[in-house]
Every structure is written in C-alpha cells, then in structure tokens.
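# Structural overview for review
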Amino acid sequence: MRLVTFRRDGAAPQAGMLSGNRVIGMGTDMLSVLAAGKVPQAIGSGHDVSEVTMMAPVPRPPKLICVGLNYRDHAMEAGMEIPKVPTIFNKFPNVVIGPGESIVLPKASERPDYEAEFAFVIGRGGRHISAARAMDHVFGYTIVNDVSARDFQMATSQWLMGKTFDTFAPMGPWLVTADEIRDPHALDISLEIGGEVLQHSNTRELIFKIPELVEFISSVVTLEPGDVVSTGTPSGVGFARKPPRYLKAGDEVIVRVEGIGELRNPVV
C-alpha cells in the first residue's frame with residue numbers, strides 16, 4: 001500500500017492512501033497512523049492527484065537519522081576506512097521537503113551535492129530492540145535525497161551543519177508499507193540528473209542492514225513512531241567525481257528505488 005501526506009485547499013495536511021490516480025484521505029495525520037500501527041479506514045471517494053499538493057510522507061519526523069559510509073564502494077571513493085560500527089548523524093526535521101519541491105542552493109556553500117538513499121520508517125517504537133525483532137518495528141519504506149554541502153561537511157569532524165541546510169532532505173514520493181517489499185536488501189537504487197545516471201547500486205551492498213541499524217540506534221536512543229532512518233548512499237556522489245559535479249540551478253534530481261518509485265526535485 002502507498003501512503004501519502006497531502007494538502008488540499010489550504011486545509012491541514014492529512015494522511016491518505018494512493019489508489020490509482022486518486023488520493024483518499026484518512027482524516028488524520030501520518031504520525032497518528034504510524035503510532036496506531038495500522039492503516040485506518042479511508043474516507044470518501046478521494047481526490048484526483050492533480051487536485052492536491054503532495055508533501056513528504058512524514059513531513060516532520062520526530063527524528064531524521066542518517067547513516068554515513070554505508071555502501072562499501074562509497075566509503076572507498078570517499079577515501080574512508082570501511083566502518084566497523086555505523087556512522088550516524090542527523091538532519092533537522094524542518095529541512096524535509098516533498099516530491100516536486102525545490103532544493104534551494106544555499107548562499108553560503110559552493111559545493112552542494114546529492115546522495116540517493118533508501119529509507120525506512122519506524123512504526124512501533126522501542127529501546128534496546130534486538131536485530132532479530134527489528135523488522136517488527138519497521139512500518140514501511142521511502143526515498144530520501146541526502147543533499148549535502150561538502151564544504152561545510154568537511155570543514156570539521158562533525159557533519160551535521162553540512163547536511164541540514166533548509167530543503168536538504170527531499171523525501172517521498174510516498175511511504176510503501178513493509179508488506180509490499182519482499183526483501184528490502186535487494187532493491188536497485190539510482191540517481192539521475194539531466195539524463196545522466198550518476199549513481200547506481202543495490203541495497204544488497206549495504207554494510208549495515210536494517211536489523212543491525214535498528215539494534216545499534218535503539219541501544220542509544222528510543223525509537224519513536226515516525227522516525228525516519230536513511231540508510232546511506234552508494235558511490236557516484238558529486239564531490240568524488242573527476243571533475244566534481246555539484247548541484248546547480250536548473251538541475252532536476254531524480255532518485256529511483258525499486259519497489260518504491262521515483263523522487264523528483266528541481267534545483268533553484
């Protein structure tokens with residue numbers, strides 16, 4: 001099932017179910033759906049997708065947790081050792097944008113970059129979740145573009161400020177429930193700009209897979225319904241290309257993940 005967050009006629013955002021070209025509202029917000037652990041009854045006949053504004057499926061996640069250097073080939077191209085424990089950082093929730101919204105190039109950075117990522121969304125929260133039970137806590141999956149200002153990121157050992165400029169967390173286009181994805185560790189992932197495929201890999205190449213990430217993160221902090229964990233990016237990022245290929249105004253970034261769909265965002 002594909003779940004969305006949408007807005008219509010200035011009303012408050014609400015969760016909905018995508019059925020063909022129609023969005024059927026649920027009369028509540030996405031965090032309430034995730035906390036309940038089940039999809040509520042849809043209300044009415046819905047609206048054509050052209051009549052609504054699609055937002056990020058989780059517009060303000062309680063936590064947006066990111067994993068760095070989690071594809072072996074990306075760690076190598078970045079000149080970093082293969083990590084022995086997950087490299088964790090975060091983005092602030094208010095930088096999340098939805099499908100079709102613009103990535104705004106910051107005035108302060110000259111090296112804005114792209115990162116195609118597969119993300120999972122927590123349903124049932126918890127602390128000290130074992131890897132064996134981890135998948136019981138995953139409600140579904142979505143796509144994130146971990147946009148990064150490399151000059152800010154590399155200026156210190158702490159990555160956060162280079163990762164969390166406004167608009168630097170495109171997410172969507174929807175949330176696919178976990179039952180729809182047979183194996184989340186066997187999905188093609190790619191990123192394209194201007195007809196050129198710049199990243200292409202498969203989630204089987206993840207160093208730390210979902211059960212390990214849930215176990216590790218929840219050993220430190222309680223996971224809550226609606227937390228989004230973005231699992232890392234494969235090789236092909238802009239700063240590692242020769243010559244480097246940074247984002248520029250007029251680009252349209254397309255991230256595709258098998259079984260989920262594609263996330264498109266223009267750059268301005």
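What this report covers is the structure whose coordinates are included nearby. (Residues numbered from 1 in each chain as written. Predicted model: local features only at pLDDT ≥ 70, side-chain atom pairs only at ≥ 80, totals over all residues. Heavy atoms only, no water.)

## Brief notes about the pairing of strand S15 (residues 196-202)
Alignment of strand S14 (residues 188-193) against S15, held across six bridges, turns out to be antiparallel. Within the sheet, the bridge partner assigned to Ser190 lies in S15 and is His200. The turn linking S14 back onto S15 is made up of two residues, and Gly194 within it adopts a positive phi angle of 60 degrees. (Pairing = 2+ DSSP bridges. Helix = DSSP H or I, 4+ residues; strand = E, 2+ residues; numbered from the N terminus.)

## Side note on unusual backbone geometry
In this model, Gly172 is joined to Pro173 through a cis peptide bond whose omega is 5 degrees. Tracing the sequence through the fold places Pro173 in strand S13 (residues 169-177). One non-glycine residue, Leu69, adopts positive backbone phi at about 55 degrees. Of note, Leu69 is situated in the loop between strand S6 (64-68) and helix H2 (72-77). Positive phi is not limited to glycine here, since His128 has a value of about 55 degrees. Counting through the fold element by element, His128 comes out in the loop between strand S10 (116-122) and strand S11 (138-145). Given the relative accessible area of 51%, His128 is considered exposed. (Buried < 20%, exposed > 50% of the residue type's maximum accessible area, 1.4 Å probe, protein only.)

## A word on the nonpolar core
Counting 49 residues, the largest nonpolar core has Phe118, Phe120, Tyr141, Leu191, Val253 and Ile260 as the members making the most contacts within it. Listed by contribution, the elements that provide at least two residues to this core are strand S1 (2-7), S6, S10, S11, S13, S14, helix H5 (210-218) and strand S17 (252-257). In this structure, Ile260 is in contact with Arg2, Phe118, Tyr141, Thr142, Ile143, Trp174 and Val176, ignoring residues within four places of it in sequence. Ranked by size, the runner-up nonpolar core spans 19 residues in total, among them Met30, Leu64, Phe139 and Met171. (Core = buried A, V, L, I, M, F, W, Y, C linked by side-chain atoms within 4.5 Å. Contact = heavy atoms within 4.5 Å.)

## Looking at the packing of aromatic side chains
All chains considered together, the criterion is met by four aromatic pairs. Ring centres of Phe118 and Tyr141 lie 5.3 Å apart, and the angle between their planes is 25 degrees; this geometry places the pair in the stacked category. Taken together, the residues span a long stretch of sequence, with Phe118 in strand S10 and Tyr141 in strand S11 at a distance of 23 residues. Here Phe118 and Tyr141 have matching classes, each one buried. Taken together, a centroid distance of 5.1 Å and an interplanar angle of 90 degrees make the contact between Phe152 and Phe165 edge-to-face. Pair noted here: Phe152 is in helix H3 (residues 150-153) and Phe165 is in the loop between helix H4 (160-163) and S13, with a separation of 13 residues, a long-range link. Judged by relative accessible area, which is 18%, Phe165 ranks as buried. In textbook terms, an aromatic cluster arises when at least three aromatic residues are bridged by ring pairs, as seen for Phe152, Phe165 and Phe168. (Phe/Tyr/Trp six-rings, centres within 6.5 Å; stacked < 30°, edge-to-face > 60°.)

## Points about H5
Of the positions making up H5, those classed as buried are Ile210, Pro211, Leu213, Val214, Ile217 and Ser218. Axial view of H5: buried residues confined to an arc of 165 degrees, hence all on one face. In this structure, the buried residues of H5 make contact with S6, strand S7 (87-91), S10, S11 and strand S16 (228-230). (Arc of directions from axis to C-beta.)

## So, the pattern of salt bridges
A complete count under the given rule lists 14 salt bridges for this structure. The salt bridge partner of Arg150 is Glu115, with a shortest N-O separation of 2.7 Å. Highlighted residues: Arg150 in helix H3 and Glu115 in the loop between strand S9 (112-113) and S10, separated in sequence by 35 residues. Just as Arg150 is buried, Glu115 falls in that class too. Salt bridges sharing common partners tie together Lys91, Asp113, Glu115, Asp146, Arg150 and Lys163. (Salt bridge = Lys/Arg side-chain N within 4 Å of Asp/Glu carboxyl O.)

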